[in-house]
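Commentary on secondary and tertiary structure
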Amino acid sequence: MPYQAPITVRTALDRIWKHDYVLPAIQREFVWKPEQIYRLFDSLMQDFPIGSFLFWKIEPGTSKSFEFFDFSREYHQRDNPHCPRLGKVPDGTVTAVLDGQQRLTALNIGLRGSLAVKEPNKWRNNPKAFPVKRLYLNLLHEAKPGEEGEIYHFEFLTDEKSAEPQVGAFWFPVHRIFGMVGPSEPMEYLAERKLGNTTVAVRTLHRLQQAVHNAHVLNFYEEESQDIENVLNIFIRANSAGTPLSYSDILLSIATAQWEGDARSAINTLVDALNDTGMGFNFSKDFVLKAGLMLSDIKSVGFKVENFDRENMKKLEANWPKVAETLQLTVRLTANFGLSRDTISADSALLPIAYYLHKRHVGDTYLASKAEAEDRMTIKHWLIRSLIKPGIWGSALDVLLSALREVIRSDDSRQFPVEAIERDMRGRGKSLAFTDEEIQDLADRRYGSRDLFGLLTLLFPFIDTRNQFHIDHIFPRAIFHANKLKALGLSTDESAHLQELRECLPNLQLLQGPDNQSKSSQMPEQWIAATYKKDDARKDYISRHMLEGVMTDLSGFQKFYEARRKRLLEKIVSVLNRPTEIAEPVTRQ
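Here goes a summary of the coordinates provided.

Calculation notes
Residues numbered from 1 in each chain as written. Predicted model: local features only at pLDDT ≥ 70, side-chain atom pairs only at ≥ 80, totals over all residues. Heavy atoms only, no water. Helix = DSSP H or I, 4+ residues; strand = E, 2+ residues; numbered from the N terminus. Contact = heavy atoms within 4.5 Å. Buried < 20%, exposed > 50% of the residue type's maximum accessible area, 1.4 Å probe, protein only. Pairing = 2+ DSSP bridges. Axes fitted to C-alpha atoms, helices over the stretch in contact; angles between N-to-C directions. Salt bridge = Lys/Arg side-chain N within 4 Å of Asp/Glu carboxyl O. Patch = residues over 30% accessible without salt bridge, like charges linked within 9 Å, V, L, I, M, F, W, Y side chains within 5 Å. Areas by Shrake-Rupley, 256 points an atom, 1.4 Å probe, with all protein chains shown as cover. Lys, Arg positive; Asp, Glu negative; His and termini not counted. Charge placed at Lys NZ, Arg CZ, Asp CG, Glu CD. Core = buried A, V, L, I, M, F, W, Y, C linked by side-chain atoms within 4.5 Å.

Turning our eyes to something else, we now look at the environment of Glu-119. Relative to the elements of secondary structure, Glu-119 occurs in the loop between strand S8 (114–116) and strand S9 (134–138). Here the alpha-carbon distance between Glu-119 and Pro-131, two residues 12 residues apart in the chain, equals 7.8 Å. Among residues more than four places away in sequence, those in contact with Glu-119 are Lys-128, Ala-129, Pro-131 and Lys-133.

Moving on, we get to unusual backbone geometry. Of note in this structure, His-19 is not a glycine but carries a positive phi near 65 degrees. Structurally, His-19 is set in the loop between helix H1 (9–17) and strand S2 (21–24). On the basis of relative accessible area, His-19 is assigned to the partly exposed category, the value being 34%. The phi dihedral of Lys-194 falls on the positive side, at around 60 degrees, and the residue is not glycine.

Moving on: the pairing of strand S3 (residues 53–58). In regular strands, side chains alternate between the two faces of the sheet. For S3, the tally of buried residues reaches 5 of 6 residues, placing the bulk of the element in the interior. Where S3 and strand S12 (residues 218–223) come together, 4 bridges link them in parallel fashion. Note that in S12 the partner of Leu-54 across the bridge is Tyr-221. Bridge count between S3 and strand S7 (residues 94–99): 5 bridges; the pairing is antiparallel. Each bridged residue has a counterpart across the sheet, and for Trp-56 the counterpart in S7 is Ala-96.

Here we have 3 strands laid out as an open sheet, ordered S10-S9-S11, and antiparallel in their pairing. Two strands lie at the open edges of the sheet, namely strand S10 (154–157) and strand S11 (171–173), each paired on one side alone. When the angles between neighbouring strand axes are averaged without regard to direction, this sheet yields 40 degrees. The pairing of S9 with S10 spans 4 bridges and is classified as antiparallel. Within the sheet, the bridge partner assigned to Arg-134 lies in S10 and is Leu-157.

Counting buried residues along helix H13 (residues 350–360), 10 of its 11 residues qualify, which places the element largely inside the surrounding structure. Taken together, the buried positions of H13 are Leu-350, Leu-351, Pro-352, Ile-353, Ala-354, Tyr-355, Tyr-356, Leu-357, His-358 and Arg-360. Residues of H13 that are buried make contact with helix H11 (285–295), helix H12 (310–336), helix H14 (373–388) and helix H15 (397–410). Just past H13, the residue His-361 takes up positive phi, approximately 60 degrees.

Where side chains of opposite charge bring their charged atoms close, a pairing between them can arise. All told, the structure shown has 28 salt bridges when counted by the stated rule. Ionic pairing is found between Arg-409 and Glu-406, a salt bridge with its closest N-O pair at 2.5 Å. In this pair, Arg-409 and Glu-406 are both assigned in helix H15, 3 residues apart and thus about one turn of the helix distant. Notably, a salt bridge pairs Asp-535 with Arg-538, separated by 3.4 Å at the nearest N-O pair. Pair noted here: Asp-535 and Arg-538 are both in helix H23 (residues 535–544), with a separation of 3 residues, about one helical turn. What makes Asp-535 partly exposed here is its relative accessible area of 38%. Residue classification places Arg-538 among the partly exposed positions, given a relative accessible area of 21%. Look at the salt bridges and you will find they share partners, linking Asp-297, Glu-406 and Arg-409 into a network.

This part covers the environment of Asp-553. Topologically, Asp-553 is positioned in the loop between H23 and helix H24 (557–577). For the pair Asp-553 and Gln-526, spaced 27 residues apart in sequence, the C-alpha separation works out to 9.9 Å. What Asp-553 contacts, discounting residues up to four positions off in sequence, is Phe-475 and Met-523.

Together, Lys-118, Lys-122, Arg-124 and Lys-128 make up a region of like positive charge exposed at the surface. Positionally, Lys-122 belongs in the loop between S8 and S9. Residue classification places Lys-122 among the partly exposed positions, given a relative accessible area of 33%.

Take the environment of Tyr-221 next. In this fold, Tyr-221 is placed in strand S12. C-alpha separation for the pair Tyr-221 and Phe-53, spaced 168 residues apart in sequence, amounts to 6.2 Å.

As a further point, take the nonpolar core. Across soluble globular proteins, you tend to see nonpolar side chains buried next to one another. Counting residues in each nonpolar core, the largest one holds 87 residues, and the members touching the most others are Val-288, Trp-320, Leu-327, Trp-382, Leu-383 and Trp-393. No other element matches H12, which puts 10 residues into this core. Apart from residues lying up to four places away in sequence, Leu-383 is in contact with Thr-334, Phe-337, Leu-339, Ala-349, Leu-350 and Ile-353. Grouped together as the second largest cluster of nonpolar side chains are 54 residues, Ile-16, Ile-151, Ile-177 and Ala-215 included.

By themselves, these are just geometric observations and shouldn't be taken as functional.
Here it is as structure tokens:
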């Protein structure tokens, strides 16, 4: 593996542009955060070493056997997160990057492209959640060492934000330096903007030009072996540092390299489709890959090298269309239960359900079939209980999944074998029976707990979770303001106690989104009377939601809370120890 003469950043990006440098299928996606990109550019500007690179020179006879990908340039976390596919390169020699993809992609985005990542506190479907930003350098920033040694101020900004006047800042679009080859061009740029006599701006822009065009800072080794097994071994060793490459990442890369088709595209496409279902999920490639092992009846679902040999990957690829179809059906069923990324604490809980649906060869009609209603409710009940019960999907996960697969495979009925499944789980120390202490804890679940939504759907099964429901405070939060509690003559400790109770299960219910918005800060009796005009409908709503004793003012809150908590405790015991009833959704009268 000979050491090569170092090259400039400009040379490397030109080779990426011409597809002389490509990414092999064993590479993963771009995962760096903006702060990592800032540090990389700062290191270049300060002439710090940025690590060596490892390239694989692939001859034409070898390259025609593999799939290759281009480097990301216009990266969009939601709409364009994947590396563009190049396909096969049968007629020429190419250089595949084994180590250094993240750094080269960061340079490519910063100098030739853009970055769009989700803004904090914005929904993924909000058009403004992913603003397109380019890398900028503040030419007026005084070079003073920061907490981690950075002395240059880089930042991803929208074009509009960069143009806003700021005291002590002039934002230079970093991509402009790529076209500034001659020594006079930076000075001409600064002169046009009346910065030609500003020492810090002249020095900073000159340093950026030198770092990109003139400094030979990219040191690399080049592997010339055409043996894929040898290259995989080198790849695994090389990727043991930097942004951690998980063991499953490596195995996924090995699997991808052994598929005949475009495995990475197939897996990425499926992950994206699953995560766009319902209110949205957060499934990973790990989840999809483990599901593939499980549904393809590969001996072990564990992420072990021997499970990813050529024979198993051939089997997985042949079975892939059915795996993808079943996973999408499973996730749609889960979304119909009202669950989403915010309410599922263990994705692995879906895998036994997927295997069951896969074994039965059911299709989309299963989701709404009246004949399957009881089976769907049995699955929902088991799934949510397993998510609520502590410790089920933690240790010895692969052993549990393999065992449950065998239980389901051995069952001859056309119903989810919940009794056999729970019997096997019990024998493995993963009983779904709840202790008195756990029951008490559930009765005090707080707003924001990931398992609270699922628990409420079991307690109130008549709610049609196919619609969008919110967790609502029965006595609204606003009435627990300190001044209102003080006006009732309550002490500081008493007020704090009521504010604690406000957030717990006895003061929570499920409401459809529009109802929750219309209810706002209304007292419960006021909202119920306005929403349910008929006396029978009003009484039915109160009874079904266990709201007996609701008062029109805060003075009755604690009495209501204690009475409802008692009723909820009885219902929790009943629901968690036997399958919940099947109930038709209620329509408003």
